[in-house]
Amino acid sequence: MRARENDGIVLTTYGRSSGFAVDPIEKKPLNHFLPGTPVFSFGTAGCNLTCKFCQNWDISKSRKMDTLADAAGPEEIANAAARLGCRSVAFTYNDPVIFLEYARDVAAACLERDIRTVAVTAGYVNAEPREEFFSFIDAANIDLKAFDEDFYRRIAGGHLEAVLDTLRYLRHETDIWFEVTNLVIPGYNDAEDGIRRMADWIFEELGSDVPVHFSAFHPSYKMRDVPPTPRSTLRRARQIAKDAGIRHVYTGNVHDREGDTTYCAACGTVLIVRDWYEVIAWNLDDGACPKCGVRCAGVLDPAPGTWGSRRLTVKMGHDGIVLS
Ligand SMILES: [Zn+2]
């Protein structure tokens, strides 16, 4: 994704995308950041990790430029997002830390239009670019793949400590809203002890308000022989994290009403009910529990967005946008 041009290193994917779409923000997943609103989403190609279970491997493992068929500069992206009524733009599908310069310029164009920026990332990045990257991000979902250095090294081609450093950095040195996702893979990172250690670490280092999503694995890439994650495993993981003191714990990629619901951290009242990615009930009084008055953590408007669960594919043409 980078090459030498004259005497500098350039980002060859700058201004080129593997596709544009409008998604519900809940799909990133972010459950406490402008719920119900549409997010203009795009990625490039490539990755700085080599996860054997990659769920987007057609994009992340691509070495071919034909994956990057859609060209769009920062101004065009921000304009399209505004015209489509999106409250935010997400850098997603592949890891945005590898297309930092492109994301930075898109973020600058979004800022002028009051559109927020969302990063969906594994957080595997050095300290200096970490600071630069997150300086233009409003919300993030960080993929914590396992609480196990051996897993990171053998299965993901990275190291755990850098990811933990990113999480600590976000919590203690920024005011970025962030949530954590853990993809639970049967036989690899689903042991109760590992999930408990992860949950304890999150509670102690990040606090009780950071939402955690336990997401179902689907057989993919080099791990097609591994079965999909049973719903019972996700529910057990959710219970372990709740027992550790984490207030907002969700299940993902499965249909599970309880695991999709936001409850008041203080009194347990149901605050937000979701059906897959759609907000179907909203029981907040200006961001607070109507029963006990305790504020719900997150970036919440007085009312939810009405985007629903739709996914809209967007083609960027020379003279505008084409929807499908
Ligand atoms: Zn309450």
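A short tour of the structure in this document, coming up. Computed from a predicted structure; not experimentally measured.

Calculation criteria
- Residues numbered from 1 in each chain as written.
- Predicted model: local features only at pLDDT ≥ 70, side-chain atom pairs only at ≥ 80, totals over all residues.
- Heavy atoms only, no water.
- Core = buried A, V, L, I, M, F, W, Y, C linked by side-chain atoms within 4.5 Å.
- Buried < 20%, exposed > 50% of the residue type's maximum accessible area, 1.4 Å probe, protein only.
- Helix = DSSP H or I, 4+ residues; strand = E, 2+ residues; numbered from the N terminus.
- Contact = heavy atoms within 4.5 Å.
- Pairing = 2+ DSSP bridges.
- Donors = N, O, S within 2.8 Å, 3.2 Å for Na, K, Ca; no water.
- Tetrahedral: all angles 85-135°; square planar, octahedral: opposite > 155°, others 65-115°.
- Salt bridge = Lys/Arg side-chain N within 4 Å of Asp/Glu carboxyl O.
- Expected span 1.5 Å × (residues − 1).
- Axes fitted to C-alpha atoms, helices over the stretch in contact; angles between N-to-C directions.
- Parallel < 35°, antiparallel > 145°, perpendicular 65-115°, else oblique.
- Left-handed = near helix turned anticlockwise from the far one by under 90°.

Phe40, Ile77, Val89 and Leu144 are the most contacted members of the largest nonpolar core, which has 83 residues in total. For this core, the leading source of residues is helix 3 (residues 100-111), giving 7 residues. The contact partners of leucine 144, leaving out residues within four places of it in the chain, are Tyr152, Leu160, Val163, Leu164, Leu167, Val180, Thr181, Asn182, Met198 and Ile202. Listed in part, the 11 residues of the second largest apolar core include Ile25, Phe33, Ala90 and Ala139.

With that settled, the discussion passes to the sheet that holds strand 13 (residues 262-263). In space, the 3 strands of this open sheet follow the order 13-14-15, with antiparallel pairing throughout. Looking along the sheet, the strands with just one partner apiece sit at the ends: strand 13 and strand 15 (278-282). Two strands pair when backbone bridges link them, and strand 13 and strand 14 (residues 270-275) are joined in this way by 2 bridges, in the antiparallel orientation. Among the inter-strand pairings, threonine 262 is bridged to a residue of strand 14, identified as isoleucine 272.

Turning our eyes to something else, we now look at the coordination of the zinc ion. Summarising the metal site, the zinc ion is bound by the protein donors Cys264 (SG), Cys267 (SG), Cys289 (SG) and Cys292 (SG), whose distances to it range over 2.3 to 2.4 Å. Relative to the metal, the 4 donor atoms surrounding the zinc ion lie at angles of 105 to 116°, and the coordination shape comes out tetrahedral. One chain supplies every donor to the zinc ion, and in sequence these donors are spaced C-x2-C-x21-C-x2-C. In this pair, cysteine 267 sits in the loop between strand 13 and strand 14 while cysteine 292 sits in the loop between strand 15 and strand 16 (312-317), placing the two residues 25 residues apart along the sequence. Judged by relative accessible area, which is 33%, cysteine 267 ranks as partly exposed.

Looking at the secondary structure, you find proline 24 in strand 4 (residues 20-24). Taking the relative accessible area as the measure of exposure, proline 24 reaches 0% and is therefore buried. For the pair proline 24 and phenylalanine 203, spaced 179 residues apart in sequence, the C-alpha to C-alpha distance is 28 Å. When near neighbours in sequence (up to four residues on either side) are disregarded, proline 24 contacts Thr37, Val39, Tyr277, Trp307, Gly308, Ser309 and Arg310.

Considering all chains together, one arrives at 22 salt bridges under this definition. We note a salt bridge from aspartate 150 to arginine 154, for which the minimum N-O separation is 2.9 Å. A residue pair is termed a helical-turn pair when its members lie 3 or 4 positions apart in one helix, as aspartate 150 and arginine 154 do in helix 5 (residues 149-156) at 4 residues. Aspartate 256 serves as the salt-bridge partner of arginine 235, at 3.1 Å between the closest nitrogen and oxygen. Residue arginine 235 is found in helix 8 (residues 231-243), and its partner aspartate 256 is found in the loop between strand 12 (249-252) and strand 13; the two are separated by 21 residues along the sequence. Judged by its relative accessible area of 42%, arginine 235 falls in the partly exposed class. Ionic contacts of the salt-bridge type, sharing partners, join the residues Glu161, Asp165, Arg168 and Glu205 into one network.

Right, let's talk about helix 8 for a bit. Taking 1.5 Å of rise per residue, 13 residues should cover 18 Å, and helix 8 covers 18 Å from first to last C-alpha, within 8% of that figure. Packed against the buried residues of helix 8 are strand 10 (177-184), helix 7 (192-206), strand 11 (212-216), strand 12 and strand 13. A positive backbone phi angle near 110° is found at glycine 245, which sits one or two residues after helix 8.

Where helix 2 (residues 74-83) contacts helix 3, the axes come no closer than 8 Å and their chain directions differ by 50°. Of the possible angle classes, the one that applies to helix 2 and helix 3 is oblique. Where helix 2 crosses over helix 3, the two elements pack in a sense that is right-handed. Contacts from Pro74, Glu75, Ile77 and Ala78 in helix 2 reach Tyr102, Asp105, Val106, Ala109 and Cys110 in helix 3.

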